[in-house]
Each structure stands twice: as structure tokens, then as C-alpha cells.
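Okay, here's what each chain looks like letter by letter:
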Amino acid sequence: MRMLSRLLSVFLLSLLTMPVAIRAEDKGAARPLLIDVRTEAEWQVEHLQGAILIPYDKIGDEIGKVAPDKNTKIELYCRTGRRSGVALESLKKLGYGDVTNYGSVSEAAEKLKVPIIK
């Protein structure tokens, strides 16, 4: 009986110390940072729900305020994809590694399944 009790204890202890893979959604991972890199006037006309505005020509100066961790997943969009491409290159030069250019507002809305606010 004592031997069975010891075996059971060892088994339970091994279960408690067994490594477990945790998916991002299990850890309550934050949504990627969605950034509109257009002008404020364009932003006022329409933007994606949940996005923040940082014009592409200010991205280098402002990104550290909203994404101090250079591993932050960042999603960019603009009117055509050109300015978000410029912003992407700026962020890469600053050491941000997980940055995606989703092109225009409508392309980003479609790809990310995010509504456009007008």
C-alpha cells in the first residue's frame, strides 16, 4: 500500500511539473498595434476601428510612446500603401521586427476584418 501511495505521489508530481505549451490566445495576448499613418484630416474622414493615428513622417519620433517593446506586432495602413511602406521601413531601421503593411484603409479593413469608422 505504501509503495502504491509513493508511485501515485511521483506520478502526480510529474504531471504538475510537466511543461505545457500555451497558445497566445490562452495567455490573453494583446491585439497587434494597428496604426494609421495618414494625416489627421484623412483620419477624420475615416479610419479603422481600434487604430491609432501616427503620421508616417512622425512614426520614428512617436512609436516609442505606444510600443516601447520592439517585439510588438504592428500593423500599418494608409491611403494607398505607399506611406505605410515608408513607415514600415522606418520601423525596421529602428529595430521593430514584426511589422506588416496592409496597404489602403479598405484593404486593411478587408484583410483584418475590422470595420471602417466614418
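Details of the structure are given in the entry above.
Just so it is clear, the structure is predicted and the values come from calculations on it, not from any experiment.

### Description of the overall build of the protein
Okay, step 1: In terms of regular secondary structure, the protein is built from five helices and six strands.
Okay, step 2: Counting helices and strands in the order they occur from the N terminus, the protein gives α-β-α-β-β-α-β-α-β-α-β.
Okay, step 3: Taking all 118 residues of the protein together, the buried fraction comes to 31%.
Okay, step 4: Sequence-distant contacts, at least 24 apart, represent 63% of the contacts inside the protein between residues at least 6 apart.
Okay, step 5: A total of about 8,100 Å² of accessible surface is found on the protein, and carbon and sulfur atoms cover 58% of it.

### Regarding helix α5 (residues 105-112)
Okay, step 1: Among the residues making up α5, those that are buried are Val105, Ala108, Ala109 and Leu112. In an axial view of α5, the angular spread of the buried residues amounts to 100°, which keeps them on one side of the axis. Exposed and oriented more than 90 degrees from the buried face of α5 are Glu110 and Lys111.
Okay, step 2: Where α5 is buried, its residues meet β1 (33-36), β2 (47-48), β4 (74-78), β5 (99-104) and β6 (116-117).

### A word on the pattern of salt bridges
Okay, step 1: Within the structure shown, the criterion is met by six salt bridges.
Okay, step 2: Of the charged contacts, one joins Glu75 and Arg31 as a salt bridge, the two residues approaching to 3.6 Å between their closest N and O atoms. In this pair, Glu75 is assigned in strand β4 and Arg31 in the loop between α1 (2-17) and β1, connecting sequence segments 44 residues apart.
Okay, step 3: A salt bridge links Asp98 to Lys73, with the nearest nitrogen and oxygen atoms 3.7 Å apart. Separated by 25 residues along the polypeptide, Asp98 in the loop between α4 (82-93) and β5 and Lys73 in the loop between α3 (59-66) and β4 bring together distant segments of the chain.
Okay, step 4: The class for Lys73 is partly exposed, based on a relative accessible area of 31%.

### Focus on the sheet that holds β1
Okay, step 1: The four strands are arranged β3-β1-β4-β5 in an open sheet whose pairing can be described as parallel. Looking along the sheet, the strands with just one partner apiece sit at the ends: β3 (52-53) and β5.
Okay, step 2: Where β1 lies against β3, two bridges are found, and the strand directions are parallel. Following the sheet pairing, Asp36 is matched in β3 by Leu53.
Okay, step 3: Relative to the sheet, α3 contacts β1, β3 and β4, its axis offset from that of β1 by approximately 150°.
Okay, step 4: The sheet strands contacting α4 are β4 and β5, and the helix crosses β4 at an angle near 150°.

Scoring rules and cut-offs
Residues numbered from 1 in each chain as written. Predicted model: local features only at pLDDT ≥ 70, side-chain atom pairs only at ≥ 80, totals over all residues. Heavy atoms only, no water. Helix = DSSP H or I, 4+ residues; strand = E, 2+ residues; numbered from the N terminus. Buried < 20%, exposed > 50% of the residue type's maximum accessible area, 1.4 Å probe, protein only. Contact = heavy atoms within 4.5 Å. Areas by Shrake-Rupley, 256 points an atom, 1.4 Å probe, with all protein chains shown as cover. Arc of directions from axis to C-beta. Salt bridge = Lys/Arg side-chain N within 4 Å of Asp/Glu carboxyl O. Pairing = 2+ DSSP bridges. Axes fitted to C-alpha atoms, helices over the stretch in contact; angles between N-to-C directions.

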